[in-house]
Amino acid sequence: MILSRKPVVMIQPKNTTVCAGDPISFSIGVAGKDLQFRWSYEIGGETYLLFDGAYNRPDVTLAAAANPDIHNGMKGSCYIWNDYGDTFTETAVVTVSPRSFEDVRENDWYYADVMRAVENGLISGVSATEFKPQDNITIAAVIKLSACLHQLRSQGTVTLTPGETTWYDPYVEYAKEHGVIQGDEWLGFYNKEATRLEFVRILYPALPAYSYTDPNYIEADAIPDLPSDANWAGPVYVFYRAGILTGSDTFGSFRPGAMISRGEVAAILTRMVDASTRRLLSLPIPDLGEMAGPMCWTAVENRFVFITEQNGKPAVVHGLFDS
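Keep in mind it's a predicted model, so treat the numbers as computed, not measured.

All right, on to the packing of helix H3 (residues 139–155) against helix H7 (residues 262–273) then. Orientation of H3 relative to H7, taken along the N-to-C sense of each, is 20 degrees, at an axis distance of 11 Å. Taken together, the axes of H3 and H7 lie roughly parallel to each other. Between H3 and H7 the crossing geometry is right-handed. In this structure, H3 contributes Leu145, Leu149 and Leu152 to the contact, and H7 contributes Val265, Leu269, Met272 and Val273. Of the residues in the contact of H3 with H7, the class split is seven nonpolar, no polar and no charged.

As structure tokens, this is what we get:
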């Protein structure tokens, strides 16, 4: 019996249904010698070819995270060839179903942010049914988020996937290459839980500076527990002014040394990606009975600034007159 050397598709790609946030992958079985593979996918009538050498194989991940608004109905196929001939596979269709987490309920303040962040491939659940919104995250996980956010902003989709040896290696390398982190600045700390200050420090470079518009009037030293000249305070003040951060209490405290929860992470990621979800921030006037020292104030247009003393420390409170 003489075996054909021309490519013969033995196993066709199959239609697949995935949950929002899950990877979209296809695999095929092909007989033949010295085979070459070129995968392609179609979205909205437009066809995109994958030329990278990493895709020259019988299995492929076409999207690291399925987004219902983008990938529902996406079609994938593969062209295979060698010196003896060529062939095409059949086309497989992707269906993206909504994601559901047992520990994220619709009345939770972070529900919409979690779902939107997952669908954009910025963050994923810890399992198919759990998100663990109260858990903290590590430095390595923050670097992953920043790398994915940078790729989503610059390329329109997230294709980064975990490494085979150490899961965060591809994200760290991408972050280094694109200036999200500087060299080995976090070496030795990848498995450490991130503080809120470290989180903002790593996330800030994921977007270009012009994307951080500043509709909120936040003066220097206005954040009660973070002087503007403190280490890494700059990005925090940018996030407050942009409406990405709103503070942890009525005075707008940041709590720089506290850990950050996954629910809070999802909210921040969502506000970074979608400017329409950012918040107008007007820090409230504290109870004047709590003020121990003399108070002075000034106003520009419809904004006020109070400079006073609270608990023995200087306090700056500002906002809008109509608040």
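Next, the rest of the story.
To continue, consider a negative patch on the surface. A cluster of like negative charges, contributed by Glu102, Glu130, Asp135 and Glu193, occupies part of the molecular surface. Tracing the backbone shows Glu193 in the loop between helix H4 (169–177) and helix H5 (196–203). The exposure class assigned to Glu193 is partly exposed, which follows from its relative accessible area of 38%.

The next thing to look at is the pairing of strand E8 (residues 75–82). Side chains on a regular strand alternate between the two faces of the sheet. In terms of strand pairing, strand E5 (residues 36–43) meets E8 through seven bridges, oriented antiparallel. Following the sheet pairing, Arg38 is matched in E8 by Tyr79. Bridge count between E8 and strand E10 (residues 92–97): two bridges; the pairing is antiparallel. Bridge pairing links Lys75 to Val93 in E10.

Analysis parameters
- Residues numbered from 1 in each chain as written.
- Predicted model: local features only at pLDDT ≥ 70, side-chain atom pairs only at ≥ 80, totals over all residues.
- Heavy atoms only, no water.
- Axes fitted to C-alpha atoms, helices over the stretch in contact; angles between N-to-C directions.
- Helix = DSSP H or I, 4+ residues; strand = E, 2+ residues; numbered from the N terminus.
- Parallel < 35°, antiparallel > 145°, perpendicular 65-115°, else oblique.
- Left-handed = near helix turned anticlockwise from the far one by under 90°.
- Contact = heavy atoms within 4.5 Å.
- Nonpolar A, V, L, I, M, F, W, Y, C, P; charged D, E, K, R; others polar.
- Patch = residues over 30% accessible without salt bridge, like charges linked within 9 Å, V, L, I, M, F, W, Y side chains within 5 Å.
- Areas by Shrake-Rupley, 256 points an atom, 1.4 Å probe, with all protein chains shown as cover.
- Salt bridge = Lys/Arg side-chain N within 4 Å of Asp/Glu carboxyl O.
- Lys, Arg positive; Asp, Glu negative; His and termini not counted.
- Charge placed at Lys NZ, Arg CZ, Asp CG, Glu CD.
- Buried < 20%, exposed > 50% of the residue type's maximum accessible area, 1.4 Å probe, protein only.
- Pairing = 2+ DSSP bridges.

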